[in-house]
Amino acid sequence: MTFPRSSPDRIDNEAILQKAMSHARNDATLSIVLRCGDNLPHRTPLSSLRRYLGEVYSIAWDAACEKAVSEEGNSQYSANGSGLLDVIIYPQSLPNAAPEKWLILRPNLECICGTDFMMGWHSIAPSSNKYLNKSGGGWGGLSAHCDAVNADRSGHGLEPIEALLVNAPTSSAPSTDVIFLEDETDLESKASAHDELGESEAGNTNTDELLENDNSLGILGGVRMEDSSLFEAVAVGGTFDGLHFGHRKLLTLAVSSVDPNTGKLVVGVTSDEMLKNKELSSLIPPIDERIKGVKKFLDNLAPGLKNTRKVIAIDNAFGPPGRDPDFDALVLSHETLKNGLNLNEFRAYKGFPPMKLLCTQRTEPNSMSSTALRRMKKRKKDDDDTNFYMI
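For clarity, every value in this text was computed on a predicted model and none was experimentally measured.

Engineer: So what's going on with unusual backbone geometry? Which residues, and what values?
Structural biologist: One non-glycine residue, Phe-240, lies in the positive phi region at around 55°. If you trace the backbone, Phe-240 turns up in the loop between strand 8 (233–238) and helix 8 (245–255). By relative accessible area, which is 2% here, Phe-240 ends up buried.

So, in structure tokens, the structure goes:
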């Protein structure tokens, strides 16, 4: 994995982690190597490295708990007896952490999981060094890296390892249509650079002057928003089953993307008919109940939008943006980014302008999900049925 400089980096890292954990036995050890990105100066502050270290451990914990629950009854146990994977993260710039070279020569190493575009692949001989800084992350990608590692391991009398390739989910996302909501805007980047580097390195203009000269919109006591961050017609869709915290985050981001003076928000709630094949679909509340929950949350969060927001049932994958050219933004999670790209292709076919796809990284995808909530409901129901006594 690479230290993230943007939301796509984080999303790709999560895809690598999820695939590695899904292929690992419960009694396995998972070593996570955290590198610097390709062709970037490695000036990562130690505080940033420590923060991301905690973030990766949180993602790993979420995935490990889900894996343990889904494989409940399996006889395999981790080294610490918890039934969870034994996970250790090795940031390559963290003082005193073991270098990657040590890890690839461990006798119990069986597999390396990653993408083709990472830099710094292990070389068989010095003649390969010219490829290490090549844009795209080295010559041959993961397969060539594993071949080189196996050549080194063979010289040490160790068993060969296998390559587990991950196709990065954001590698094909067009930057013109996709905006990652957690990433800094140009204004924020400039202000952040001045705060971190100081005037001598970033320029003579201080942060206060940057903000003073900015013409973006300020709302409610100084919250500044660039004009490009606000839209006239914003759509967001989902099942909204249980209205868990991930749903609330998505709705809040949608609200924050609507122009407060002239904009409108349309929330599409998936119809009952479209949910028949969902896992434990019998535990999904009916459409009227889910719409009512979304309206209540929105009216508490943003009462000023009550007359300019709609919450409607949708019975197809594209909803209102598939038939109305006026929509200019769609809020979605990275897991459904492909759907947004398909929707823009459909709009282009109909002669509609493309929408901006306002993408957020979904966190805790295993435990904070409608499916997880339905499983909890089912276990509670099963427990209640088991604990029923007649006296």
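Engineer: Got a sec to walk through the sheet that holds strand 12 (residues 356–360)? Specific residues and values, please.
Structural biologist: In space, the six strands of this open sheet follow the order 5-12-11-8-9-10, with parallel pairing throughout. The open sheet is flanked by strand 5 (178–180) and strand 10 (309–314), the only strands paired with a single partner. Ignoring which end each strand starts from, the neighbouring axes of this sheet average 25° apart. Pairing geometry for strand 8 and strand 11 (residues 329–333), over three bridges, is parallel. Considered in strand 11, the bridge of Ala-235 is made with Leu-330. The strands touched by helix 9 (residues 287–301) within the sheet are strand 9 (264–270) and strand 10, with strand 10 carrying the most contacts at an inclination of about 160°.

Engineer: Which residues make up the pairing of strand 11, and what values do they have?
Structural biologist: With five of five residues buried, strand 11 is to be regarded as a mostly interior element. Residues Ala-329, Val-331 and Ser-333 point to one face of strand 11 and Leu-330 and Leu-332 to the other, with burial holding for every one of them. As paired strands, strand 11 and strand 12 are joined by five bridges and run parallel to one another. Considered in strand 12, the bridge of Leu-332 is made with Cys-359. Each parallel crossover has a hand, and the one from strand 11 via helix 10 (residues 337–349) to strand 12 is right-handed.

Engineer: Go over helix 9 with me, naming the residues and quoting the values.
Structural biologist: Each full turn of the α-helix corresponds to 3.6 residues, which orients residues three or four apart in the same direction. End to end, helix 9 covers 21 Å across 15 residues, agreeing with the expected 21 Å (1.5 Å per residue, within 8%). All buried positions along helix 9 are accounted for by Ile-287, Arg-290, Ile-291, Val-294, Phe-297 and Leu-298. Burial along helix 9 is one-sided: seen end-on, the buried residues are contained in an arc of 130°. Of the residues in helix 9, the exposed ones pointing more than 90 degrees away from the buried face are Asp-288, Lys-292, Lys-296 and Asn-300.

Engineer: Requested: an account of the pairing of strand 9, with residues and values cited.
Structural biologist: Strand 9 sits mainly inside the fold: six of its seven residues count as buried. By the bridge criterion, six bridges tie strand 8 to strand 9 in an arrangement that is parallel. Note on strand 9: the bridge partner recorded for Ala-233 is Lys-264. Bridge count between strand 9 and strand 10: six bridges; the pairing is parallel. What sits directly across from Val-266, in strand 10, is Lys-310.

Engineer: I'd like to hear about the nonpolar core, residue by residue, with values.
Structural biologist: If you look at the biggest cluster of nonpolar residues, it comprises 25 residues, and the most contacted ones within it are Leu-251, Leu-265, Val-267 and Val-294. Looking at this core, the elements that each hand over two or more residues are strand 8, helix 8, strand 9, helix 9 and strand 11. Excluding anything up to four places from it in sequence, Leu-251 contacts Val-236, Phe-240, Leu-243, Val-267, Val-294, Phe-297 and Leu-298.

Engineer: So, the side chain of Arg-290: which residues are in play, and what are the values?
Structural biologist: Of note, Arg-290 is situated in helix 9. Classification of Arg-290 by relative accessible area gives buried; the value is 3%. Only 2.9 Å separates the side chain of Arg-290 from the backbone oxygen of Thr-239, close enough to count as a polar contact. Dropping the residues within four chain positions of it, Arg-290 is found in contact with Thr-239, Phe-240, Asp-241, Val-269, Thr-270, Ser-271, Asp-272, Leu-275, Ile-284 and Pro-285.

Engineer: Residue-level account of the environment of Val-33, with values.
Structural biologist: Secondary-structure assignment places Val-33 in strand 1 (residues 29–34). Given a relative accessible area of 15%, Val-33 falls into the buried group. The sequence separation of Val-33 and Gln-92 amounts to 59 residues, and the corresponding C-alpha distance is 6.9 Å. Residues within four places of Val-33 in sequence aside, it is in contact with Met-1, Tyr-90, Gln-92, Glu-100 and Leu-103.

What counts as what
Residues numbered from 1 in each chain as written. Predicted model: local features only at pLDDT ≥ 70, side-chain atom pairs only at ≥ 80, totals over all residues. Heavy atoms only, no water. Helix = DSSP H or I, 4+ residues; strand = E, 2+ residues; numbered from the N terminus. Buried < 20%, exposed > 50% of the residue type's maximum accessible area, 1.4 Å probe, protein only. Pairing = 2+ DSSP bridges. Axes fitted to C-alpha atoms, helices over the stretch in contact; angles between N-to-C directions. Contact = heavy atoms within 4.5 Å. Right-handed = clockwise from strand over helix to strand, strands pointing away. Expected span 1.5 Å × (residues − 1). Arc of directions from axis to C-beta. Core = buried A, V, L, I, M, F, W, Y, C linked by side-chain atoms within 4.5 Å. Polar contact = N/O pair within 3.5 Å; in protein donor to acceptor, adjacent residues only side chain to side chain.

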